[in-house]
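Summary of the model geometry
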Amino acid sequence: MAVAAATLPLLLVLLVAAALPAPSHGWGVDGHLMVCQIAQGRLSGAAAAAVKDLLPSYAGNNLSSLCSWADDVKFRYHWSSPLHYIDTPDGLCTYSYDRDCKDEDGVKGRCVAGAINNYTSQLLTYGRSSASQYNLTQALLFLSHFIGDIHQPLHVGFTSDRGGNTIDVHWYRRKTVLHHVWDASIIQTAEDDFYSDGVADYIDTLTKNITGAWSEQVPSWEECGKNQTACPDIYATESITAACDWAYKGVDQDSTLEDAYFSSRLPVVNLRLAQGGVRLAATLNRIFG
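Sequence positions are assigned chain by chain, starting from 1 and proceeding in written order. Per-residue local features are limited, in this predicted model, to residues with pLDDT of at least 70; the limit for side-chain atom pairs, both in listing and counting, is 80 or more; totals at the level of whole chains, interfaces and linings are taken over all residues. Only hydrogens and water are set aside when side-chain values are computed; all heavy atoms of the structure are taken into account.

If you check an unreviewed UniProt entry, the chain appears there as Aspergillus nuclease S1 from Urochloa decumbens.

Right, dumping it as structure tokens:
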């Protein structure tokens, strides 16, 4: 198996992470699982073989089982925390890689778009002699997670509120923050209200929409201009637009968000989950094809 030397330390990281409280960053566990499961079902033969080769054996060739790994290891890989999001100027509702893709110290490229470009470049060495300088198992897991993250609208949010992390709200009767509403609360409420079998039922519905109601849009989701392998700038621009039009809109400190917010925002969440899955598959197909 390729990069087998990485398997033991990766397993140890996972075992330690399992004993810690789950972080609430990025799509929640279910959201990332959905993105990766949708993607794995759309892989080409070559991409499916490469993913199977790179996944640790204990994953059982199930990419979704490790799709939240990048959140679990932030306690160990502190350098990776800024790679999950992009901070944009307050109120502008626009994104620019040159302006916005940096960490709090101003280091360029340290944002989720830069991370997607970086791990795509690493994975492009698969099967070549230069691959030995990278841990391609980790590159696959980071890329799969970050393509999910960049589709969560508040992962491309305003700098002052840290993508809604400092906006206190009530989700029905439960106190939380706006960022967590988009990470997990909308998804969990949808599972409770509409999907008796939970996440499996939810994935089935999204998959049917991808091949049905959204099928004419899917080719445009998959496209990457200028012969690019990955195109995170497109996804980031969509996310800040959705953040302004839907996530932030009508929300103040201590707002109570209930049925009206849930029912109007759920279609946006569903679309972004589906797009994340389709685009992760398209990116992996280009990398390994």
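**Structural notes on the sheet that holds strand S3 (residues 168-171)**
The condition that has to hold: The pairing criterion for strands is at least two bridges between them, as found by DSSP. Secondary structure elements are taken from DSSP: a helix is a run of H or I of four residues or more, a strand is a run of E of two residues or more, and numbering for both begins at the N terminus. Angular values range over 0 to 180 degrees, each being the angle between N-to-C directions of two axes fitted as lines to C-alpha atoms, with helices fitted over their stretch in contact. Whether two residues touch is decided by their heavy atoms; if any such pair falls within 4.5 Å, the residues are in contact.
Read across the sheet, three strands follow the order S4-S3-S5 without closing on themselves; strand pairing throughout is mixed. A strand with exactly one partner marks an edge of an open sheet, and here the two such strands are strand S4 (174-177) and strand S5 (255-257). The sheet shows a mean angle of 35 degrees between the axes of neighbouring strands, direction not considered. With four bridges connecting them, S3 and S4 associate as antiparallel partners. Bridge pairing in S4 places His-170 opposite Lys-175. Relative to the sheet, helix H8 (residues 178-194) contacts S3, S4 and S5, its axis offset from that of S4 by approximately 130 degrees.

**Quick notes on the side chain of Thr-283**
With respect to the element layout, Thr-283 can be found in helix H12 (residues 259-288). Residues contacting Thr-283, with those up to four places away along its chain left out, are Thr-120, Leu-143, Ile-147, Thr-229, Ala-230 and Tyr-235.

**Here's the deal with the pattern of salt bridges**
Pairing is possible between side chains of opposite charge, provided their charged atoms come close. Rules: Any Lys or Arg side-chain nitrogen found within 4 Å of a carboxyl oxygen on Asp or Glu counts as a salt bridge. Here the term buried applies to any residue with accessible area under 20% of the maximum for its type, exposed to any over 50%, and partly exposed to those in between, with areas from a 1.4 Å probe on protein chains only.
The full count for this structure, using the stated rule, is seven salt bridges. The closest approach of N and O atoms between Arg-42 and Glu-222, which form a salt bridge, is 3.2 Å. Taken as a pair, Arg-42 in the loop between helix H2 (29-40) and helix H3 (45-54) and Glu-222 in helix H10 (residues 218-222) lie far apart in primary sequence, 180 residues in all. On the basis of relative accessibility, which here comes to 27%, the residue Glu-222 falls in the partly exposed class.

**A short note on H12**
For the record, the criterion: Residue count minus one, scaled by 1.5 Å, sets the expected span of a helix. What we call the bend at a residue is the angle made by axes fitted to the seven residues finishing there and the seven residues starting there.
In this model, H12 (30 residues) spans 43 Å end to end at C-alpha, consistent with the 44 Å of a helix rising 1.5 Å per residue. The principal kink in H12, of about 35 degrees, is found at Arg-265, preceding the proline Pro-267 by one to four residues. Burial analysis of H12 places 22 of its 30 residues in the buried class, the great majority of the element.

**Quick word on the state of the cysteines**
We count it as follows: For the purposes of this analysis, a disulfide is any pair of cysteine sulfur atoms at a distance within 2.5 Å.
In this structure the tally under the stated criterion is four disulfides. Two residues, Cys-36 and Cys-67, share a disulfide whose sulfurs are 1.8 Å apart. As the torsion about the S-S bond is roughly 50 degrees, the Cys-36-Cys-67 disulfide counts as right-handed. Of this pair, Cys-36 sits in helix H2 while Cys-67 is found in the loop between H3 and helix H4 (69-72), placing the two residues 31 residues apart along the sequence. For Cys-67, a relative accessible area of 1% translates into the label buried. Between the sulfur atoms of Cys-224 and its disulfide mate Cys-231 the distance is 2.1 Å. Its S-S torsion of about -120 degrees marks the bond between Cys-224 and Cys-231 as left-handed, since a negative value means left-handed. An identical accessibility class is assigned to Cys-224 and Cys-231; each is buried.

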